[in-house]
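One letter stands for each residue in the lines below.
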Amino acid sequence: MFFTRFIAGNIFCTILAGIILLFKKLLGTRVSLRFHYRVWMMLWISLAIVFLPVHCLNIFQPEALIPNQSLIQIFHTTDNSAGTIHNQVWTNHVSEAVTIVDHSQWMITLEVFWGIGALITLLICLRSLFQIERIRKGSVAPTDREKKLFVACQQKANVRQNIVLLQSDFVRSPLSFGLWTSYIVLPSQIIRDLTEQEIEHILLHELMHIRHRDIVTNYILCLEQVLYWCNPLIWIIFSRIKLDREAYCDWAVLNTYADPKEQLNYGYTLLRFAKQNQKQNSCMANNLCGNKIQIRYRIEKISDFSRENRKTVLRGACIILMISLLSVLQLPVLAFFANNTNIY
């Protein structure tokens, strides 16, 4: 049944996430923050593979991977043939037993329980979408000062797409969202007290989110969070992914500054928002702030800032290739559990 395959996928992806965390811990600053964030893409793909249709997984069945067994069968003796028949009968009995277990009442109960939880999590995500839409409709155009700074920041961040800049009294932290049209909303009450340099830091950070297509990533994470709501380890990992994403955006902003003093001032801007505890909770939008642990992690990464070089890029690429090869091992496992089922 599909739910058996789903459980196997959960176990595999949890192990894969642990391997990724181990590599990240061992490598540390020997790879860039770009790697620390992009390496999670292997986990996103593995989580999505679980939901592939059965006919896509059947090609990874062990018997499908063996090109021809006719030559092997030539060397089978009569005794081996009898053993093969015995093994086939035993396999049939095991398959029947597995089928009975798969269709048992407790498995059906688990499927219903999972479906209810997924529906509740989906409603929470949709509620977040409605809140964002309400913020967008209640926002107004920024002042001329913010507009000029925004144009300059777009050029500095090399972001050429059309982005709508707004400000609102309903947000406490800068937000970026929008799947088809990208929006950046600044908090009206706070933005008035900020210097031009601080506003520039904020705009650059949100522009980096848009440049990295993190808005699309939010939708992917929310969808997978709906499907894997019952795995608490996945929720913890997703929280780490979002933290690495924010640190990666910080790193990208620091790369736009050649002066170390400017890089230091960016950290001060982040600390100023952290002291005011300006956090906007929304799973569908990117926001500048976070809790104290997240801010501390980001400040540490800012203080350890270093630009990429050929060694760090090559080292990170090799590790991502290695993890991608490990993730391929999931396909035969899922194909095994998908065998002889018409569900899904």
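Residues numbered from 1 in each chain as written. Predicted model: local features only at pLDDT ≥ 70, side-chain atom pairs only at ≥ 80, totals over all residues. Heavy atoms only, no water.

A word on the packing of helix 1 (residues 2-27) against helix 13 (residues 232-254)
Turning to step 1, where the next piece is worked out: In the contact formed by helix 1 and helix 13, the axes pass within 11 Å of each other and the chain directions differ by 35°. Where helix 1 crosses over helix 13, the two elements pack in a sense that is left-handed. Along its contact with helix 1, which presents Thr14, Ala17, Leu21 and Lys24, the element helix 13 presents Leu233, Ile237, Arg240 and Asp244.
Turning to step 2, where the next piece is worked out: Partitioning the contact of helix 1 with helix 13 into residue classes produces 4 nonpolar, 1 polar and 3 charged. (Axes fitted to C-alpha atoms, helices over the stretch in contact; angles between N-to-C directions. Helix = DSSP H or I, 4+ residues; strand = E, 2+ residues; numbered from the N terminus. Left-handed = near helix turned anticlockwise from the far one by under 90°. Contact = heavy atoms within 4.5 Å. Nonpolar A, V, L, I, M, F, W, Y, C, P; charged D, E, K, R; others polar.)

Some remarks on the packing of helix 12 (residues 214-227) against helix 13
Turning to step 1, where the next piece is worked out: Close contact between helix 12 and helix 13 brings their axes to 11 Å; oriented N to C, the two are set at 175°. Classified by the angle between their axes, helix 12 and helix 13 sit roughly antiparallel to one another. Contacts from Asp214, Thr217, Asn218, Leu221, Glu224 and Gln225 in helix 12 reach Trp235, Phe238, Ile241, Lys242, Arg245 and Cys249 in helix 13.
Turning to step 2, where the next piece is worked out: Taken together, the residues of the contact of helix 12 with helix 13 break down into 5 nonpolar, 3 polar and 4 charged. (Parallel < 35°, antiparallel > 145°, perpendicular 65-115°, else oblique.)

Re helix 11 (residues 196-211)
Turning to step 1, where the next piece is worked out: In a regular helix each residue adds 1.5 Å, so 16 residues correspond to 22 Å; helix 11 covers 22 Å between its end C-alpha atoms and thus fits that length.
Turning to step 2, where the next piece is worked out: Along helix 11, 13 of the 16 residues are buried, which leaves the element largely enclosed by surrounding structure.
Turning to step 3, where the next piece is worked out: Phi for Arg213, located one or two positions after helix 11, is positive at around 60°. (Expected span 1.5 Å × (residues − 1). Buried < 20%, exposed > 50% of the residue type's maximum accessible area, 1.4 Å probe, protein only.)

Structural notes on the pairing of strand 1 (residues 163-168)
In the case of a regular strand, side chains alternate between the two sheet surfaces.
Turning to step 1, where the next piece is worked out: For strand 1, the buried fraction is high: 5 of the 6 residues fall into the buried class.
Turning to step 2, where the next piece is worked out: As paired strands, strand 1 and strand 3 (residues 182-187) are joined by 6 bridges and run parallel to one another. Following the sheet pairing, Gln167 is matched in strand 3 by Leu186. (Pairing = 2+ DSSP bridges.)

So, the nonpolar core
Turning to step 1, where the next piece is worked out: With 76 residues, the main nonpolar core has Trp40, Leu43, Ile184, Leu203 and Ile241 as its most contacted residues.
Turning to step 2, where the next piece is worked out: For this core, the leading source of residues is helix 13, giving 12 residues.
Turning to step 3, where the next piece is worked out: Every residue in contact with Trp40, bar those within four places of it in the chain, is listed here: Ala17, Ile20, Leu21, Lys24, Ile237, Arg240, Ile241 and Asp244.
Turning to step 4, where the next piece is worked out: Judged by nonpolar contacts, the second largest core, of 9 residues, contains Val171, Tyr183, Val185 and Ala285. (Core = buried A, V, L, I, M, F, W, Y, C linked by side-chain atoms within 4.5 Å.)

Quick notes on the packing of aromatic side chains
Turning to step 1, where the next piece is worked out: What the rule picks out here adds up to 9 aromatic pairs.
Turning to step 2, where the next piece is worked out: Linked through ring pairs, Phe6, Phe51, Trp114 and Tyr228 together constitute an aromatic cluster. (Phe/Tyr/Trp six-rings, centres within 6.5 Å; stacked < 30°, edge-to-face > 60°.)

Observations concerning the sheet that holds strand 1
Turning to step 1, where the next piece is worked out: In space, the 4 strands of this open sheet follow the order 1-3-2-4, with mixed pairing throughout. With partners counted over all chains shown, the strands left at the sheet margins are strand 1 and strand 4 (286-287), one partner each.
Turning to step 2, where the next piece is worked out: Both strand 2 (residues 175-177) and strand 4 contribute to a ladder of 2 bridges, which runs antiparallel. Among the inter-strand pairings, Leu175 is bridged to a residue of strand 4, identified as Asn287.

Brief notes about empty space enclosed by the protein
Turning to step 1, where the next piece is worked out: Taken as a whole and assessed by the stated rule, the structure comprises 1 cavity of 30 Å³ or more.
Turning to step 2, where the next piece is worked out: Lining the largest cavity are 14 residues, with Val31, Ser32, Leu33, Asp304 and Ser306 positioned closest to its centre.
Turning to step 3, where the next piece is worked out: Within the lining of the largest cavity, the residues separate by chemical class into 4 nonpolar, 6 polar and 4 charged. (1 Å grid on protein atoms, 1.4 Å probe; cavity = no way out; pocket = protein on both sides within 12 Å on 5 of 7 lines; lining within 4 Å. Points joined across faces, edges and corners; volume = space filled by probe spheres on them.)

Here's the deal with the pattern of salt bridges
Turning to step 1, where the next piece is worked out: As enumerated under the stated definition, the model contains 10 salt bridges in all.
Turning to step 2, where the next piece is worked out: Between Glu246 and Arg298 there is a salt bridge whose closest N-O contact spans 4.0 Å. Of this pair, Glu246 sits in helix 13 while Arg298 sits in helix 15 (residues 292-303), placing them 52 residues apart in sequence.
Turning to step 3, where the next piece is worked out: Taking relative accessible area as the criterion, Glu246 reaches 9% and is therefore assigned buried. (Salt bridge = Lys/Arg side-chain N within 4 Å of Asp/Glu carboxyl O.)

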